[in-house]
Amino acid sequence: MRAAVLTDPEEFEIEERERPEPDADEVLVKIRNVGICGSDVHYYEHGRIGDFVVENPLVLGHESAGEIVETGANVNGFEAGDRVTLEPGVPCRRCSHCKRGDYHLCPDVTFMATPPHDGAFSEYVAWPTDYTYKLPENISTRAGALCEPLSVGIHACRRGNVGTGDTVLITGAGPIGLLAMEAARAAGATDVIITDIVQSKLEFAKERGADHAVNVAETDLETAINEYTDESGADVVIEASGAEPSVKSTLDGVRRGGNIVFVGLASESEIPLDVVDIINNELDVYGSFRYKNTYSTAVKLLADGVVDVEGIIDFERGLDSIDEAFERSMKPDVIKGMISVDR
């Protein structure tokens, strides 16, 4: 099979590799579509994300969907021809985190495209059926691949307890911010405010249903939120950009007694926040790491037409054009790129 391998920063090579054989509890999937995630771009550009360093050639890509071509000896409920999406993290299932249901916090998780584990920019992937989900006929593999970023948005909304009638402020109008907006709507939010510094992204967010969009490069966020909410603030703030000014601004946008969820990965691990403000306003502050038990929900939301994920895809390229695709994904006005492996 062919695989796109990151050999050095900003350099992919298309290699011929052995096609994997599925274990007894695995399926072999012919990959059709893989989304380009911001973390993929970061590895491509810098060769690392925090403590995760690309020390050896690595196959990137963890937002994937395709078609089963072979099943392991003990597999039930799946067969060749099934179209599926793959949840990219496989935990140990034995540690205390796994046993209490927080499998996304497993310290020994095997996660696609996180060193040293290869991802899905390849023609075939063998994957456990426990983390494989069938796609109904009305969901394309393009949409199925984006169950992953949608899951990030679903988990962030669950962490923030987004509910019916809530006003939700989302900082960052990239893929995670836009899909968190979709998840917030599905959870019952009636007003969604979104921020960014790129005007075209804000206009796109408005087209997709944002009630209010704020360019924080031009407008003071606290003033804008107070005007929109009659000075009450947002019930939930989801920080999806990772930008230091946006992280700090979460305290300016949330109401007293409200919830703040940090999901965007900041370039700096330490950003000062006003602890007295958090205490005096009795704010609940949550971290949101990946997701758990979200893929079935994501598939149902797509099948029912409740959310639209394909609409955020700006462009699509084949595996042979992966360098061009990543260079384009680095442009600030691009929302989402996708690789069609069999294109």
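Description of the structure in this document. Model, not experiment: these values are computed from the prediction.

Next up on the list: the overall build of the protein. In terms of helices and strands, the protein carries 11 helices and 20 strands. In terms of C-alpha radius of gyration, the protein reaches 20 Å, essentially the compact-globule figure of 20 Å for 343 residues. With respect to the principal axes defined by its C-alpha atoms, the protein has extents near 60 × 40 × 35 Å. Burial statistics for the protein: of 343 residues in total, 55% are counted as buried. Here the analysis covers contacts within the protein between residues at least 6 apart in sequence; of these, 69% occur between residues at least 24 apart. Summing over all exposed atoms, the protein offers an accessible surface of approximately 15100 Å²; the carbon and sulfur share of this is 44%. Separation between the mean location of the 30 positive side-chain charges and that of the 62 negative ones in the protein comes to 5 Å.

Time to look at the state of the cysteines. Here a disulfide denotes one covalent bond, and it connects the sulfur atoms of two cysteines. According to the stated counting rule, one finds 0 disulfides in the structure shown. The thiol of Cys-98 is unpaired, and the distance to the nearest cysteine sulfur, on Cys-95, comes to 3.7 Å. Cys-147 provides the cysteine sulfur closest to Cys-157, a residue in no disulfide bond, and the two sulfurs are 16 Å apart.

Before going further, it helps to spend a moment on the environment of Asp-196. Tracing the chain through its elements places Asp-196 in strand S14 (residues 191-196). Linking Asp-196 and Val-254, residues 58 residues apart in sequence, is a C-alpha distance of 17 Å. Among all residues touching Asp-196, those that are not within four sequence positions of it are Gly-172, Ala-173, Gly-174, Lys-201, Leu-202, Val-214, Asn-215, Val-216 and Ala-217.

Attention shifts here to the pattern of salt bridges. Between side chains of opposite charge, a pair can form as their charged atoms come close. Taken as a whole and judged by the stated rule, the model has 20 salt bridges. Of the charged contacts, one joins Arg-2 and Asp-320 as a salt bridge, the two residues approaching to 2.7 Å between their closest N and O atoms. Here Asp-320 lies in the loop between strand S19 (315-318) and helix H11 (322-329) and Arg-2 lies in strand S1 (residues 2-8), a separation of 318 residues in the sequence. On the basis of relative accessibility, which here comes to 58%, the residue Asp-320 falls in the exposed class. A salt bridge links Arg-185 to Asp-211, with the shortest nitrogen-to-oxygen separation between them at 2.6 Å. Of this pair, Arg-185 sits in helix H5 (residues 175-187) while Asp-211 sits in the loop between helix H6 (199-207) and strand S15 (212-215), placing them 26 residues apart in sequence. Residue classification places Arg-185 among the partly exposed residues on the basis of a relative accessible area of 30%.

With that settled, the discussion passes to the nonpolar core. Within the largest apolar cluster, 48 residues are counted, with the highest numbers of intra-cluster contacts made by Leu-150, Val-168, Ile-170, Ile-194, Ile-238 and Leu-302. Counting residues per element, the ones that place at least two in this core are helix H3 (141-145), helix H4 (147-159), strand S13 (167-171), H5, S14, H6, strand S16 (234-239) and helix H10 (295-303). Residues Tyr-44, Phe-78, Tyr-103 and Ile-339 belong to the second largest nonpolar core, which totals 44 residues.

With that out of the way, let us pick up the sheet that holds S15. Across the sheet, 6 strands lie side by side as S15-S14-S13-S16-S17-S18; this open sheet has parallel pairing. Edge positions in the sheet fall to S15 and strand S18 (284-287), since each of these pairs with one other strand and no more. Each adjacent strand pair in this sheet contributes to an overall mean axis angle of 15 degrees, direction not counted. Strand direction decides the pairing type here: S16 and strand S17 (residues 254-262), joined by 5 bridges, are parallel. By the bridge assignment, Val-236 is partnered in S17 with Asn-259. Contacting S14 and S15, H6 crosses the sheet at an angle of about 175 degrees to S15.

Conventions and cut-offs
Residues numbered from 1 in each chain as written. Predicted model: local features only at pLDDT ≥ 70, side-chain atom pairs only at ≥ 80, totals over all residues. Heavy atoms only, no water. Helix = DSSP H or I, 4+ residues; strand = E, 2+ residues; numbered from the N terminus. Rg over C-alpha atoms; globule rule 2.2 N^0.38 Å. Buried < 20%, exposed > 50% of the residue type's maximum accessible area, 1.4 Å probe, protein only. Contact = heavy atoms within 4.5 Å. Areas by Shrake-Rupley, 256 points an atom, 1.4 Å probe, with all protein chains shown as cover. Lys, Arg positive; Asp, Glu negative; His and termini not counted. Charge placed at Lys NZ, Arg CZ, Asp CG, Glu CD. Disulfide = S-S within 2.5 Å. Salt bridge = Lys/Arg side-chain N within 4 Å of Asp/Glu carboxyl O. Core = buried A, V, L, I, M, F, W, Y, C linked by side-chain atoms within 4.5 Å. Pairing = 2+ DSSP bridges. Axes fitted to C-alpha atoms, helices over the stretch in contact; angles between N-to-C directions.

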